[in-house]
Amino acid sequence: MTINTVPTQPIEGQVPGTSGLRKKVEVFADPGYLETYTQAIFNAIQPRGKELVLGGDGRFFNREAMQTILRMAAANGVARVIVGQNGILSTPAASHLIRKRAAFGGLILSASHNPGGPKGDFGLKYNIANGGPAPEDITDTIVACAQNIDAYYIANGEAPSLSTIGESQLGDMVIEVVDPVDDYAALMAELFNFTAIRSLIASGFTLRFDAMHAVTGPYATEILVNRLGAPAKSVLNGTPSEDFGGGHPDPNPVWAKPLFDLLHGPEAPDFGAASDGDGDRNMILGRDIYVTPSDSLAVLAANAHLVPGYAGGITGVARSMPTSAASDRVAEALGIEAFQTPTGWKYFGTLLDAGRATLCGEESAGTGSNHVREKDGLWAVLLWLNILAVKRQSVKQILTDHWAKFGRDYYSRHDYESIDSTAANALMSELKSNLAALPGQKAAGLVIKSAEDFAYTDPISGAATTGQGVILTYEGGARAMLRLSGTGTEGATLRVYLEQYAPPGAALDRDAQDALSAVIAATKAVARIPEHTGRDHPDVIS
Ligand code: G1P
Ligand code: ZN
C-alpha cells in the first residue's frame, strides 16, 4: 500500500459545536476539507494500532466519506475498523458497538436532525471509548490540531465495498463489516420485557412509529414488527433515503406534523413516536396528547423501576440546563440526585460512567440512560411501551396522574432562526452585561428573582465550563433560559426556553403558550429580543 501525504485545506473558524462538526455537504465535499478534519481527529487521538467503530446515518455523502475515512484510517495505522453494513449505524447503535467491542473510539457521520441531500448538511463526530461524544478537552485538542496541520495521510486505491458482512483488508488494516441492527436489538431485548410489550400489542394496542425516512427504519422494523409483533404498517417512512424524503428528520410537532396530526385526529392509534436522522432523538405522543421531552424524562424517571433493566431503581437523573425542572421533582420524591448540566449530551458521560445518574434528558427530544453514552430514540419508545404494558393505562392518563402528583412544568421553546450573527451576539452580550442589575426589576408584570450566566463544574472530572446561556428566574415559579445554538449552519439561532410551574391543585390542563404568556412577554422585554433581532415572533415554537 502506498500512502499519500496531501496538503490540507484550511479549516477556518470551524469550531465543532455541541455535536462535532456540522457543515453543508458542499463544504465537506470540497476537496481536502473532510480529509483535513479527519486528520485533525487522528492527530488528536493517535489511533495507531487501535480499533475504531465507524458508522453513519446514511445521508447524502455518507458513502464517499466512508471511503475517504477508511483509506485515511489505514494510512494512519489503525488496526481494525468495525463498520456497519453499507456504512450505516444509528448513533446509539454506534455507541453500543464501541462499548461492546471495547473499541478505542468511533467516528459517527451524521448531522442528526438537519436536512440531508446535496444541498443539506453533513457532520462528523468523534466518540470516545465509553461510547459517548468526546469531552471538551478532546474537542479542544481536535480544534487545535485542525488549525495546525499541513498534511493528511491517505492510502491509495479503493476501500472494499461495505455491502457484505465479514472481514477484508485495506493494507494492514482489517475492515469488519457488521449487521447494524443485531447487537442493538439484543441490548433492547435485555433491558425491556419484550413478552409484556408483545402481549400489549397482541391485545389490540395500536401504535405508529415514524422513522422520518431516516436511519431508524430498519431498527424499528426489526424490533417493533419482527420481535414485538406490531403490524408492518406501524412503521411509517421506514425506508431510509439519502435526503430523508426531502424533509427535516426532526421528531417534533413541527417537522413530524403528519404524525402529530394523526394522534390528534379521529383515527388516532394508542401511541405514536418518531425519531430523527441518526436515531438518537424521540418524540412521544398518546391519543390526543403530546408529551414534551421534559415531561417524558420525568415520567420515565418515576416509572423506570417497572422495567427489567431498571428494576433495582435509578441512582440519579440528569437534565440539561434548559430542560424543565419536572425531572428534579421526581428525583426529590425518590430521594435521588438531580443534576443540571450544560446543553449537549457530552456533559452526561461522566455522571453515567460514575453511576451517579441513570437517566438523562434534554428538552430537545433527547432521552437516554446508562445503557449507552448517547441519547437513544428507540430506547425511549421501548421504555414508554414497557411502562404502558405494565400499567395498562393510556399515555394521557399516565401524564395527567403524573401532573396531579408532582405539579406541571408548563414548557415551550421559542427559536429565532437564521438571524444575523452580529445581532445575536450583541443580544447575548448586552444581556450578560446587565445581569447584576436585573434582580428585583419588574418586566411585563413579573419580578426577576435572579439572573445568571450558567457555568458548570463537572462533579466527577472537575472540568469547568462557562458561558452556557443565561438563566432568568422570576417570582411565581417561572424561568427563562436564553442561548445561541451551536448546531445551526446558517447565521445564528437564538433559543429561548420558557417554563412556568403549576403546583398540584392548580389548573393543569391549560394551553402551554397561554400558561407561559407572562414569562414570554417578560423575557422578550428583558432581552430586548425584537430590538436586536428585528423579529416580533419566533420562527419555531415547540
Ligand atoms: C441542539 C440541542 C441540544 C442537543 C444538540 C445535539 O443543540 O438544543 O440539546 O444536545 O442539538 O443534538 P443546539 O443547536 O441548541 O446547540
Ligand atoms: Zn440526532
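Up top you'll find the structure we're talking about.
Below you will find a few notes about this structure. (Residues numbered from 1 in each chain as written. Chains lettered and ligands numbered in written order. Predicted model: local features only at pLDDT ≥ 70, side-chain atom pairs only at ≥ 80, totals over all residues. Heavy atoms only, no water.)

1. A look at the overall build of the protein
Tallying secondary structure elements over the protein gives 18 helices and 27 strands in all. Since a compact globule built from 542 residues should have a radius of gyration of about 24 Å, the 23 Å found for the protein is in line with a globular shape. With the C-alpha coordinates of the protein rotated into their principal frame, the extents come out at 70 × 60 × 40 Å. Long-range contacts, defined here as pairs at least 24 residues apart, represent 73% of the contacts in the protein between residues at least 6 apart. Carbon and sulfur atoms make up 49% of the accessible area of the protein, which amounts to about 19,600 Å² in all. Looking at charge distribution, the protein has the averaged site of its 43 positive side-chain charges lying 4 Å from that of its 59 negative ones. (Helix = DSSP H or I, 4+ residues; strand = E, 2+ residues; numbered from the N terminus. Rg over C-alpha atoms; globule rule 2.2 N^0.38 Å. Contact = heavy atoms within 4.5 Å. Areas by Shrake-Rupley, 256 points an atom, 1.4 Å probe, with all protein chains shown as cover. Lys, Arg positive; Asp, Glu negative; His and termini not counted. Charge placed at Lys NZ, Arg CZ, Asp CG, Glu CD.)

2. With respect to helix α15 (residues 421-434)
Between its first and last C-alpha, α15 extends 20 Å over 14 residues, near the 20 Å set by a 1.5 Å rise per residue. Turning to α15, its buried residues are A423, A424, L427, M428 and L431. One face of α15 carries all of its buried residues, which in axial projection span an arc of 135 degrees. Exposed and facing more than 90 degrees away from the buried side of α15 are T422 and S433. Contacts from the buried residues of α15 go to β19 (408-419), β24 (470-474), β25 (478-484), β26 (492-502), α17 (517-526) and α18 (529-533). (Expected span 1.5 Å × (residues − 1). Buried < 20%, exposed > 50% of the residue type's maximum accessible area, 1.4 Å probe, protein only. Arc of directions from axis to C-beta.)

3. Some details on the coordination of the zinc ion (ligand 2)
Protein coordination at the zinc ion (ligand 2): the donors are S112 (OG), D276 (OD), D278 (OD) and D280 (OD), at 2.0 to 2.1 Å from the metal. Seen from the zinc ion (ligand 2), its four donor atoms lie at angles of 87 to 156 degrees, and the figure they make is irregular. Ordering the donors of the zinc ion (ligand 2) by residue number gives the pattern S-x163-D-x1-D-x1-D. The class of D276 is buried, set by a relative accessible area of 0%. By relative accessible area, which is 4% here, D280 ends up buried. (Donors = N, O, S within 2.8 Å, 3.2 Å for Na, K, Ca; no water. Tetrahedral: all angles 85-135°; square planar, octahedral: opposite > 155°, others 65-115°.)

4. Points about the sheet that holds strand β18 (residues 366-369)
One open sheet accounts for four strands, arranged β16-β15-β17-β18; its pairing is mixed. Pairing within the sheet leaves two strands with one partner each, and these edge strands are β16 (337-341) and β18. For this sheet the average axis-to-axis angle between neighbouring strands, irrespective of direction, equals 15 degrees. Where strand β17 (residues 359-362) meets β18, four bridges bridge the pair, whose relative direction is antiparallel. Residue pairing across strands places L359 opposite S369, the latter belonging to β18. Here helix α10 (residues 293-303) sits on the sheet in contact with β15 (316-320), β17 and β18, set at roughly 170 degrees to β17. (Pairing = 2+ DSSP bridges. Axes fitted to C-alpha atoms, helices over the stretch in contact; angles between N-to-C directions.)

5. Some details on the sheet that holds strand β3 (residues 51-56)
In any sheet, the strands associate via hydrogen bonds between backbone groups, in a parallel or an antiparallel arrangement. Read from one edge of the open sheet, seven strands run β2-β6-β5-β3-β4-β9-β8, paired in mixed fashion. The sheet terminates laterally at β2 (21-24) and β8 (166-170), the two strands that pair on one side only. Taken over all neighbouring pairs, the strand axes of this sheet differ in orientation by 20 degrees on average, direction set aside. One ladder, built from five bridges, connects β8 with strand β9 (residues 173-178); its direction is antiparallel. Bridge pairing links S168 to I175 in β9. Packing of helix α3 (residues 62-75) onto the sheet brings it into contact with β3, β4 (80-88), β5 (105-109), β6 (121-128), β8 and β9, and relative to β4 it is tilted by some 170 degrees.

6. Regarding the site of ligand 1
Ligand 1 sits among 15 residues. The nearest are S364, S485, G486, T487 and R495. In this structure, E362 approaches ligand 1 through a side-chain N or O atom, which is 2.7 Å from an oxygen atom. Measuring from an oxygen atom of ligand 1, one finds a side-chain N or O atom of K375 at 2.8 Å. Summarising the interface, the protein chains cover 98% of the accessible area of ligand 1, which totals 380 Å² for the free molecule. (Near = heavy atom within 4 Å. Polar contact = N/O pair within 3.5 Å; in protein donor to acceptor, adjacent residues only side chain to side chain.)

7. A short note on the pattern of salt bridges
By the definition in use, this model includes 28 salt bridges. For K257, the salt bridge goes to D261, with nearest N and O atoms at 2.8 Å. With K257 and D261 both in helix α9 (residues 257-263) and four residues apart, the pair spans about one turn of that helix. Given a relative accessible area of 44%, K257 falls into the partly exposed group. Its relative accessible area of 36% is what places D261 among the partly exposed residues. One connected set of salt bridges, linked through shared partners, spans E51, R80, R101, E167 and E176. (Salt bridge = Lys/Arg side-chain N within 4 Å of Asp/Glu carboxyl O.)

8. A word on the packing of α10 against helix α13 (residues 377-391)
Interaxial distance between α10 and α13 falls to 11 Å at its minimum, and their mutual angle equals 55 degrees. What the angle tells us is that α10 and α13 run oblique. Handedness of the crossing formed by α10 with α13: left-handed. Here α10 contributes S296, V299, L300 and N303 to the contact with α13, which in turn contributes L383, W384, I387 and K391. Tallied by class, the residues present in the contact of α10 with α13 amount to five nonpolar, two polar and one charged. (Parallel < 35°, antiparallel > 145°, perpendicular 65-115°, else oblique. Left-handed = near helix turned anticlockwise from the far one by under 90°. Nonpolar A, V, L, I, M, F, W, Y, C, P; charged D, E, K, R; others polar.)

9. Here we look at the packing of aromatic side chains
Working definition: an aromatic ring pair is given by the centre-to-centre distance plus the angle between the planes. Across all of its chains, the model carries 10 aromatic pairs by this definition. Here the aromatic rings of Y310 and W379 are separated by 6.4 Å at their centres, their planes lie at 80 degrees, and the arrangement is edge-to-face. Pair noted here: Y310 is in the loop between α10 and β15 and W379 is in helix α13, with a separation of 69 residues, a long-range link. Here W345 and F348 contribute two aromatic rings whose centre-to-centre distance is 4.6 Å and whose plane-to-plane angle is 80 degrees, an arrangement assigned as edge-to-face. Exposure class is identical for W345 and F348. Each is buried. In this structure an aromatic cluster arises from ring pairing among F28, Y33, F61 and F122. A cation over an aromatic ring shows up here: R329 above the ring of Y501, its NZ or CZ 3.5 Å from the ring centre. In this structure, R408 is placed above the aromatic ring of W403, and the distance from its NZ or CZ to the ring centre is 3.9 Å. (Phe/Tyr/Trp six-rings, centres within 6.5 Å; stacked < 30°, edge-to-face > 60°. Lys NZ or Arg CZ within 6 Å of the ring centre and 35° of its normal.)

10. Description of the side chain of N130
Along the chain, N130 falls in the loop between β6 and α5 (136-147). Given a relative accessible area of 16%, N130 falls into the buried group. Within polar-contact distance, the side chain of N130 engages the backbone nitrogen of G132 at 2.7 Å. There is a polar contact of 2.8 Å between the side chain of N130 and the side chain of D353. Beyond its immediate chain neighbours, meaning those up to four positions away, N130 contacts R99, G349, D353 and R373.

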